[in-house]
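What the coordinates show
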Amino acid sequence: MNTAGHSKATAPRGLELTPFRGLRYDPDRVGSLAAVTSPPYDVVVRPDGLHHLQSADPYNIVRLILPEAATPEERNAQAAETLRRWRAEGVLTADPEPGLYVYEQRDVDGLVQRGVIGALRVSDPDEHLVLPHEDVMPHIVADRADVMRATSANLEPLLLTYRGDGTATATAGLIERTAGQPPLLATTTEDGVHHRLWSVTAPADLAAVSGELSEHQALIADGHHRWATYRRLRTEHPSPGPWDHGLVLLVDTARYPLRVRSIHRLLHDLTVTEALAALDGRFRVRRLDLPLPKAMDALAEAAATGNAYVLAGDGAFHLVDRPDPALLARTVPADRPEAWRTLDATVLHTTLLDHVWRVPDSPAHIAYIHDTAATVEKAERDGGTAVLMHPVHEDVVRDLARQGVTMPRKSTSFGPKPASGLVLRALDL
């Protein structure tokens, strides 16, 4: 979640965040700014959430980030044509001059997150500037690359974090001053989150932010696949050029701590009855006759002392914990740090999925869903098994990333995530 301190010794160039001409919706051409936004592409629950967003406004950003057509080629061509048409019609217009963008989110609980959106130089792993903490799935990187290649655009920002020293800094001061000015846009999305965006174009301000960020490294909080996509596309295009940079939101978590939530698993072809039967003698299993919030409380309590999960899909909740130590010794690789070997996601994938349930980690067999209730509902509707997870503590994520150790894919969900559709980056601007 946070990261990382100074990196001069390992990468003299440091983080390079550059201004760009943002492509934004014209509020006079759309029903409302809220109606054209979307969560990031991988948070949209398909098909329900996708269809809901499509019906919210004919210009909703999902028509670009998640186009629908019969084949991948048709989907990508459709996204490119849609973006071309929206720009030609003035639905999306470019800001007059390059800038960085201060972005604020304020949720219903009063949590405020502020950061800076810009075009970040795409760096190589050996520079140790942008630290991943999760593995990626090659087919998703290929899919995102196809969309970006077809549209020649970064359609939604990644969420990266860095760790300031907690004192008044140039970037922090600029963000606070800017947040006191009238914004370029302000909207409240249906989840109750209030969004505001400002453009910063003064050369002195841009230079101050650039100089300060060059002293830091960043952690990928959300967007591992898109960062891998940026790296792939950079190798395909001449350098220097626009593909050398990718759209990101950078947040100083010393000032604005993010929340870490779980990403749950939906096992399509395994019933709860089959899952529980296979656990006999290998894990402790207890049925919870509780509503979902209380079941998650029970999971949190069990996870405080070891690996624990809640299984759902048969109309009840089942707390699974206390794995057989001998089973773990046989199935969890021993050549990784202790913090990695004891992760719930590690035990789930190496022990439960690979050895106990023998479920391949592929889209045909597993869906990754952020919303807890939605995971349970889909499992009950489809006859599969929901595996509900407890969040990883942020310090564990940061420490493993600094060691160069990646966690199993989809181990964490950092938030609040930036809304997609507030500012885009077209590579021809």
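Residues numbered from 1 in each chain as written. Predicted model: local features only at pLDDT ≥ 70, side-chain atom pairs only at ≥ 80, totals over all residues. Heavy atoms only, no water.

Some details on the pairing of strand β12 (residues 245-252)
For clarity, the threshold we go by: With a 1.4 Å probe rolled over the protein chains alone, any residue whose accessible area is under 20% of its type maximum counts as buried; one over 50% counts as exposed, and the rest are partly exposed. The numbering of helices and of strands both runs from the N terminus, where a helix is a DSSP run of H or I of at least 4 residues and a strand a run of E of at least 2. Here, a strand pair is defined by DSSP locating no fewer than two bridges between the strands.
Within β12, eight of the eight residues are buried, which leaves the element mostly enclosed by the surrounding structure. Strand direction decides the pairing type here: strand β5 (residues 112-121) and β12, joined by six bridges, are antiparallel. Each residue of the ladder has a partner; that of L120, found in β12, is G246.

Digging into a negative patch on the surface
Counted only if it meets this: The patches reported here contain residues having more than 30% relative accessible area and no salt bridge. Joining distances are 9 Å for like charges and 5 Å for nonpolar side chains (Val, Leu, Ile, Met, Phe, Trp, Tyr). Working definition of accessibility: Shrake-Rupley area with a 1.4 Å probe, residue cover restricted to the visible protein chains. For this document, the term salt bridge refers to a Lys or Arg side-chain nitrogen within 4 Å of an Asp or Glu carboxyl oxygen. A positive count includes Lys and Arg, and a negative count includes Asp and Glu. His and the chain ends are not counted in either. A charged residue contributes its charge at one atom only: NZ of Lys, CZ of Arg, CG of Asp or CD of Glu.
Taken together, the side chains of D314, D371, E377 and E380 define an acidic patch exposed on the protein surface. Along the chain, D314 turns up in the loop between β16 (308-312) and β17 (317-321). A relative accessible area of 40% places D314 in the partly exposed class.

Considering empty space enclosed by the protein
Put simply, the rule reads: Cavities and pockets are found on a 1 Å grid laid over the protein atoms alone: a cavity is a set of points where a 1.4 Å probe fits but cannot escape, a pocket is an open set with protein on both sides within 12 Å along at least five of seven lines, and a lining residue has an atom within 4 Å of such a point. Grid points are joined across faces, edges and corners, and a volume is the space filled by probe spheres set on the points. The residue classification treats Ala, Val, Leu, Ile, Met, Phe, Trp, Tyr, Cys and Pro as nonpolar and Asp, Glu, Lys and Arg as charged. All others, Gly included, are polar.
If you walk through the whole model with that rule in mind, you get six cavities of 30 Å³ or more. Put simply, the largest cavity is a space of about 130 Å³. D42, E134, D222, G223 and K410 are, among the 18 residues lining the largest cavity, the residues nearest its centre. Taken together, the elements giving at least two residues each to the lining of the largest cavity come down to β11 (218-222), α8 (224-236) and β20 (413-415). Residue contributions to the lining of the largest cavity peak at three residues, all from α8. Among the residues making up the lining of the largest cavity, the classes are represented as four nonpolar, seven polar and seven charged.

Points about the nonpolar core
Under the convention used in this document: Only buried residues count toward a nonpolar core, which is a set of Ala, Val, Leu, Ile, Met, Phe, Trp, Tyr and Cys residues joined through side-chain atoms within 4.5 Å. We call two residues in contact whenever any of their non-hydrogen atoms come within 4.5 Å of each other.
Membership of the largest hydrophobic core comes to 111 residues, with the highest contact counts inside it found for Y25, I117, L160, L279, Y309 and W357. The biggest single contributor to this core is helix α13 (residues 344-356), with six residues. Residues in contact with Y25, not counting those within four places in the same chain, are V30, L33, V36, Y59, N60, I61, W86, V91, L92 and G421. Counting residues in each nonpolar core, the second largest holds 21 residues, with L266, A295, A303 and L388 among its members.

Overview of the confidence of the model for the chain
The test is simple: Every residue carries a pLDDT, the predictor's confidence in it, which falls somewhere between 0 and 100.
For the chain, per-residue confidence averages 91 on the pLDDT scale, and residues scoring 70 or more make up 96% of the total. Confidence drops under pLDDT 50 across residues 1-11; counting only partners more than four residues distant or on other chains, this segment forms 45 contacts.

Quick notes on the sheet that holds strand β19 (residues 385-388)
Which entries qualify depends on this criterion: Interaxial angle, 0 to 180 degrees, is taken between N-to-C directions of lines fitted to C-alpha atoms, where a helix line uses only the stretch in contact.
In spatial order, the strands read β15-β17-β16-β19-β14-β18; together these six strands make up an open sheet with antiparallel pairing. In the strand order of this sheet, the two ends are held by β15 (284-288) and β18 (366-369), each with one partner. Direction aside, the axes of adjacent strands within the sheet are offset by 25° on average. Set on the sheet, α13 makes contact with β14 (264-267), β16, β18 and β19; between it and β16 the angle comes to about 60°.

Points about the pattern of salt bridges
Tallied over the full model, the rule gives 24 salt bridges. When the shortest N-O distance is used, the salt bridge between D321 and R286 registers 3.2 Å. Of the two residues, D321 is situated in strand β17 and R286 in strand β15; the sequence distance between them amounts to 35 residues. Close ionic contact of D289 with R287 constitutes a salt bridge, the shortest N to O distance being 3.0 Å. Judged by relative accessible area, D289 falls into the exposed class, the value being 63%. Overlapping salt bridges, with partners in common, bring together E104, R106, R114, E176 and R196 in one network.

A few points about the layout of surface pockets
Considering only enclosed or pocket space, the largest pocket measures out at about 1,300 Å³ in volume. Breaking the lining of the largest pocket down by element, the ones donating at least two residues are α1 (33-36), α2 (48-56), β13 (259-261), α10 (292-303), α14 (372-382) and β20.

Re the packing of aromatic side chains
Given two aromatic rings, one states the distance between the centres and the angle between the planes to describe the pair. Our working definition: Pairing of aromatic rings covers Phe, Tyr and Trp, the last through its six-membered ring, and needs centres within 6.5 Å; plane angles under 30 degrees mean stacked, over 60 mean edge-to-face, and all others mean tilted.
Within this structure, the stated rule accounts for four aromatic pairs. With a centroid separation of 5.4 Å and an interplanar angle of 80°, the aromatic rings of Y59 and W86 are classed as edge-to-face. Taken together, the positions of Y59 in the loop between α2 and α3 (62-65) and W86 in helix α4 (residues 72-89) put the pair 27 residues apart, joining distant regions of the chain. On the basis of relative accessible area, Y59 is assigned to the buried category, the value being 19%. The exposure class assigned to W86 is buried, which follows from its relative accessible area of 1%.

Regarding the pairing of β19
Residues T385 and V387 point to one face of β19 and A386 and L388 to the other, with burial holding for every one of them. Where β14 meets β19, three bridges bridge the pair, whose relative direction is antiparallel. Across the sheet, the residue bridging to L267 is T385, located in β19. For β16 and β19, the ladder comprises three bridges, and the chain directions are antiparallel. Its bridge partner being in β19, L311 is matched across the sheet by V387.

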